[in-house]
Structures are given as C-alpha cells and as structure tokens.
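Overview (structure and organization)
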Amino acid sequence: MTHATHSADLSGGFTEISHQSARAFREILEAMARPGSIRTVVGALPPAPLSVAAGVVLLTLTDPTTPLHLAGEADCKAVRDWVAFHIGAPLVAAEAAAFAIGTWEALHPVSRFAIGQPDYPDRAATLIVEADRLTNHGPALTGPGIETATWLSLPETAAFHANRALFPLGFDCIFTCGDRLAGVPRSTRVEKI
Amino acid sequence: MTDQAYNFAYLDEQTKRMIRRAILKGIAVPGYQVPFASREMPMPYGWGTGGVQVTAACLVPEDRLKVIDQGADDTTNAVSIRKFFQRTAGVEVTEATAAATLIQTRHRIPETPLTRGQILVYQVPIPEPLRFLEPRETETRKMHELEEYGLMHVKLYEDIARHGQIATSYDYPVKVEGRYVMAPSPIPKFDNPKLSGNPAIQLFGAGREQRIYALPPYTSAVSLDFDDHPFQASKAPHHCDLCGAKNSYLDEVITDDHGGRMFVCSDTDYCAGRRAAGQKGRLWSPEPQEAAP
C-alpha cells in the first residue's frame, strides 16, 4: 500500500480499480458459474469483521444503486463508514436489500430476503455469507455448472432445499472466508451426505 | 497499445458493475433473459453491441481474445471488434480457438471443442425466442413466467405440416434445464448440440434489446422437437473443398457465373489448422509463392 492512510475508513479500497475489479469479477463469475469451486481474490482490505473476499465482492458488485443490508457484527461503525466512503450503497433492512452481508447466523432467517418476482426472477438478493471455514467437504452440490457432483462446507441443507424449491425464484449466495470465496446460486441442489 | 483516453475495456466502472450483476443473475437462472441498461457503443446496433458490452465487463488484462463472425476471424465485424479491444483494453488477441481465453462470436460455435476456463460470448439480435410468435413483451414475459411454451411447439408443428420436416435451420430454440425456452442466437442448428453440457461459460448479450442471459458450464440445453420428428443437427451434405473435413459446418461459395460452387468450412481457424496438418480437400492447392522483386 503506497498511499498515506489518513483514517481507517479511507483505506482498503481498490488501488487500481479497473484492473482489480475486472480480475475480481472473473473469479466471482467462475465461482458462481461453477458452484462449489473455491477461488482466491485480492485487492481489498476492509475493516473488521469483514474478510478480504467479502470486501472484494462488495467493491466489485455494489454501488449507490444497490441497497445493502449489514447483518449482525457487520453492522458496525467501521464497516458503515467504509461502505459510505468506497461504495455509497444505501444501507437498508433485510427485506429491501439487493445485497446482504454477514455470518449465516446473522443473516437468519434467510427467508426474509428478496427472492425475485415470477416475471422478474433476477430481482432477488445476493447474500455474502462470511464463513469460518470454506472447504470442499460437506453437503453434496449438483446442478448447472457442476459436471457430476461437488461438495462444500455449507452451514446447513434445509434452507438451501427450501430455496431450490422456489426456482426460478430464490436468493443467491457467495460464501467468503479470508481471501477465498465460493458461489452457491439458487439453481444448485444441495443434499446431505 | 492501450488507448489511454479510455477506461480499461472502454466502459466506465459503474456500467461494468451493472453488467456484471446482470451476468451473475443470468448465471443463477440459466436461460432467463436479464434486463440491463445497455449503453450506446461506438458501433451500430446489429454489429454486436450486446456482445461487446458483455466482453468488456468480463475482460481481464491477461485475456487472449478471439473474435469470430460466422466462424471467420477475418471478416469486417470480427476484425473491428478485435481491434476495438486491442486498443481499449490492450489484451492479446489470437485466431486459435484452443489458445483463446475469451471468444466473442457472431452466429457460430467454434468446431474445436471448448474447454474449462474459456468464456464464449454470443452477439444476439433477438433474445426473445417467442418474439415472432407474440410481439408484446408483457405477454412473452408472462409466457416465460407460466412456462407456457405451447405456441413454440405449434410453430414447429406448422413447419412439419407445411414442409414435411422442421424447417427452422438457425436460432433453433432450446429448453434450458427443463425450465426456460431460450434463443441460442442465430447459430445454425448444427451447433445446437454443442450448447448442452459445454465445459465453457456461455454468455449471451443483446444490446438493442437490452438483455443478457447465460448458460453455466455443464448445463442441459435440449433442442425442442417431437417424438416422431426428432431434432436433427443438419449441414450441407458435402466435405470441405479446402481441408476435406467431413463433420464441420460448411459455407457455400459461388465461384463463377455457370453454376460453379464450392463448400468450405465456415470455421476458418479449424480449416486452416487441418490444412496445416496436411489434410487436403478437393480444390485445395497452396497459394503460389510471390516472385521476389
């Protein structure tokens, strides 16, 4: 980091925005197009408790046009200031959010998030779920983007069952842990093994 | 060299974020057309403004870009889009399908099988498969919502009643993951089987119509048909006259005013690759060497 740090909330954004956001998006695209695959991203240093990967996803996908919900510990002054300075997304309640960020427990009940409308299923929330661990062990994933089957350390299966039953409606998830992330879009079927 | 007057890949960051969000929703709901705020691009509608915007949102500086128009790397549309991104993004370009990381295409899927890690971006003129059957957007949207695709089967049936077979030969509709009927853009139906279960990410951009949709890797895309009239991926019943390929999609080229014609691979990279490997077609003769001055 070469620039002077005046205050915590002014640092930690992309320093070379067009290249860093392009590379980050390609990783996020690969993650969402191949559910369960774990990708590594760089470029953001958001304040605690946000992970690097969560910060990268926020910087890459959110802006003043995307209502954002901060859940649980993510809803602190440092994060609010960082979002206000780097992103400018309006902070809203869960029901009105296009993006939401927090741990799985903080995001619960996930049924309150937007699942889109029958004629516009794209108007659904994207949940950025902060996880303590992210490995390819756990419930089995199948569906579009997965050749046969894969596995991911998901916190539970029931919520994903319920979400898949709503298809083509439903929320989409990006799990983040440190500098790594994995996608679980609504099209993915999750089975307990 | 990158033109410093422009942001990386031409579009501003806010626009790219909007397109990127649309692409991700398209990936999450395969085959569903996501509306997006398409921008005016420095080229006319019909020249691939949708594909160009999707490519701009996906490009990274490390990409090797290939652009094809009807399979050819050297046609006006392909050359101008390739130059556009060379100038505004400074990316490497290639004509080899296997060497490309991102391929923008107008109306063909390359013959060489795509692989994991590649992205295929289609230029789409009419993203709505039901548009010529029902002109009202409000109605087609409702039909997708209710999975009401009977009208499309009526159209295919009328083909059979009139012509004895399904006469639709390009932009042949597919059903994605058993849910959305999707227009694969005007690719020949010969290419339809390559849509399904493809290891690459397939993204579709329609600029004038302001829609983005997607097929994630290994997604099923079944061409609509009937039990007694199964889908057939057809092509001209000839071999390539330059490389001798039996199983590639062919263009017919008129060679004189007396009915002379030849058939050549529409995929120029595939054809050149086969010739370089020593394969010869009926009319192939190496170009004469230019005499030294």
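**Focus on the overall build of chain B**
- Looking only at helices and strands, one finds seven helices and 12 strands in chain B.
- Dimensions of chain B, computed from the C-alpha atoms along their principal axes, are close to 70 × 55 × 35 Å.
- Here chain B, with 293 residues, has 54% of them falling under the buried criterion.
- Restricting the contact set of chain B to residue pairs at least 6 apart, pairs at least 24 apart contribute 62%.
- Positive and negative side-chain charges of chain B, numbering 33 and 37 respectively, have mean locations separated by a distance of 3 Å.

**Section: the overall build of chain A**
- On a plain count of helices and strands, chain A comes out with five helices and 11 strands.
- A globule of 193 residues ought to have a C-alpha radius of gyration of about 16 Å, and chain A, at 16 Å, matches this closely.
- Summarising its shape, the C-alpha atoms of chain A cover approximately 50 × 30 × 30 Å along the three principal directions.
- Relative to its full complement of 193 residues, chain A shows a buried share of 55%.
- Summarising the internal contacts of chain A: among those between residues at least 6 apart in sequence, 67% fall at separations of at least 24.
- Working note: accessible area of chain A is about 7,600 Å², and carbon and sulfur atoms make up 56% of it.
- The average position of the 14 basic charges and that of the 19 acidic charges among the side chains of chain A differ by 5 Å.

**What to know about the pattern of salt bridges**
Residues and elements named next belong to chain B.
- Tallied over the full model, the rule gives 26 salt bridges over all chains.
- One salt bridge connects Lys16 with Glu13, and the closest N-O pair in it is separated by 3.2 Å. One end of the pair, Lys16, and the other, Glu13, are both in helix H1 (residues 13-28), three residues apart, so they sit about a helical turn from each other.
- A relative accessible area of 0% places Lys16 in the buried class.
- Through salt bridges with shared partners, one network takes in Arg108, Glu111, Asp191 and Lys194.

**Re the packing of aromatic side chains**
Residues and elements named next belong to chain B.
- Enumeration over the complete set of coordinates arrives at 11 aromatic pairs over all chains.
- With a centroid separation of 4.1 Å and an interplanar angle of 10 degrees, the aromatic rings of Tyr122 and Phe204 are classed as stacked. Of this pair, Tyr122 sits in strand S5 (residues 119-123) while Phe204 sits in strand S8 (residues 201-206), and the two are 82 residues apart along the sequence. Residues Tyr122 and Phe204 agree in their burial class; the two are buried.
- Ring geometry for Phe190 against Tyr249: centres 5.6 Å apart, planes inclined by 35 degrees, an arrangement best described as tilted. Of this pair, Phe190 sits in the loop between strand S7 (180-182) and helix H6 (192-195) while Tyr249 sits in the loop between strand S10 (221-223) and strand S11 (250-254), placing them 59 residues apart in sequence.

**Quick notes on the layout of surface pockets**
- Counted as a void, the largest pocket has a volume near 420 Å³.
- Residue assignment for the lining of the largest pocket shows that the elements contributing at least two residues are strand S5 (120-124) of chain A together with H1 and strand S1 (34-35) of chain B.
- Broken down by element, the lining of the largest pocket gets its largest block of residues, five residues, from H1 of chain B.
- The residue makeup of the lining of the largest pocket, split by class, is 16 nonpolar, three polar and six charged.
- Surrounding the second largest pocket, 15 residues form its lining, Phe132, Lys155, Thr168, Tyr170 and Asp171 of chain B being those nearest its centre.

**Re the packing of H1 of chain B against helix H2 (residues 49-58) of chain B**
Residue and element names in this part refer to chain B.
- Two elements in contact, H1 and H2, have axes separated by 9 Å at closest approach and are oriented at 100 degrees. Between H1 and H2, the interaxial angle falls into the category roughly perpendicular. For the pair H1 and H2, contact is made by Lys16, Ile19, Arg20 and Ile23 and by Gln53, Val54, Ala56, Ala57 and Cys58, respectively.
- Looking at the contact of H1 with H2 residue by residue, the classes come out as six nonpolar, one polar and two charged.

**Details of the confidence of the model for chain A**
- Per-chain confidence: chain A averages 94 in pLDDT, with 95% of residues scoring 70 or above.
- In this model, residues 1-6 of chain A is a region of pLDDT below 50 whose contacts with residues beyond four sequence positions or in other chains number five contacts.

**Some details on helix H3 (residues 76-89) of chain B**
Residues and elements named next belong to chain B.
- A rise of 1.5 Å per residue sets the reference length of H3, with its 14 residues, at 20 Å; its end C-alpha atoms lie 20 Å apart and thus fit the reference within 8%.
- All of the buried residues along H3 are Asn77, Ala78, Ile81, Arg82, Phe84, Phe85, Thr88 and Ala89. Buried residues in H3, looked at end-on, bunch into an arc of 155 degrees, giving them a common side. Those residues of H3 that are exposed and angled more than 90 degrees off the buried face are Thr76 and Lys83.
- Contacts from the buried residues of H3 go to H2, strand S2 (64-69), strand S3 (92-93), strand S4 (102-106) and S5.
- With its phi angle positive at about 65 degrees, Gly90 sits one or two positions after the end of H3.

**Section: the confidence of the model for chain B**
- In this model, chain B carries a mean pLDDT of 94, and residues with pLDDT of at least 70 account for 97%.
- Across the whole predicted complex the pTM is 0.95, and at the interface the ipTM reaches 0.95.

**Observations concerning the interface of chain B and chain A**
- Chain B puts 43 residues into the contact, and the matching count from chain A is 42 residues.
- For the pair chain B and chain A, the summed buried surface comes to about 3,500 Å²; carbon and sulfur atoms form 61% of the total.
- On the chain B side of the contact with chain A, Arg21, Leu24 and Lys25 of chain B bury the most area, a combined 18% of that side's loss.
- If you look at where chain B meets chain A, you find five salt bridges.
- Applying the counting criterion to the chain B and chain A interface returns 17 residue pairs in polar contact (both at pLDDT 80 or more).
- Breaking the side of chain B that touches chain A down by element, the ones donating at least two residues are H1, S1, H2, helix H4 (137-145) and S8 of chain B.
- Among the elements that make up the side of chain B that touches chain A, the one with the highest residue count is H1 of chain B (11 residues).

Procedures and definitions
- Residues numbered from 1 in each chain as written.
- Chains lettered and ligands numbered in written order.
- Predicted model: local features only at pLDDT ≥ 70, side-chain atom pairs only at ≥ 80, totals over all residues.
- Heavy atoms only, no water.
- Helix = DSSP H or I, 4+ residues; strand = E, 2+ residues; numbered from the N terminus.
- Buried < 20%, exposed > 50% of the residue type's maximum accessible area, 1.4 Å probe, protein only.
- Contact = heavy atoms within 4.5 Å.
- Lys, Arg positive; Asp, Glu negative; His and termini not counted.
- Charge placed at Lys NZ, Arg CZ, Asp CG, Glu CD.
- Rg over C-alpha atoms; globule rule 2.2 N^0.38 Å.
- Areas by Shrake-Rupley, 256 points an atom, 1.4 Å probe, with all protein chains shown as cover.
- Salt bridge = Lys/Arg side-chain N within 4 Å of Asp/Glu carboxyl O.
- Phe/Tyr/Trp six-rings, centres within 6.5 Å; stacked < 30°, edge-to-face > 60°.
- 1 Å grid on protein atoms, 1.4 Å probe; cavity = no way out; pocket = protein on both sides within 12 Å on 5 of 7 lines; lining within 4 Å.
- Points joined across faces, edges and corners; volume = space filled by probe spheres on them.
- Nonpolar A, V, L, I, M, F, W, Y, C, P; charged D, E, K, R; others polar.
- Axes fitted to C-alpha atoms, helices over the stretch in contact; angles between N-to-C directions.
- Parallel < 35°, antiparallel > 145°, perpendicular 65-115°, else oblique.
- pLDDT = per-residue confidence, 0-100.
- Expected span 1.5 Å × (residues − 1).
- Arc of directions from axis to C-beta.
- Buried area = accessible area lost by both parts, 1.4 Å probe.
- Polar contact = N/O pair within 3.5 Å; in protein donor to acceptor, adjacent residues only side chain to side chain.

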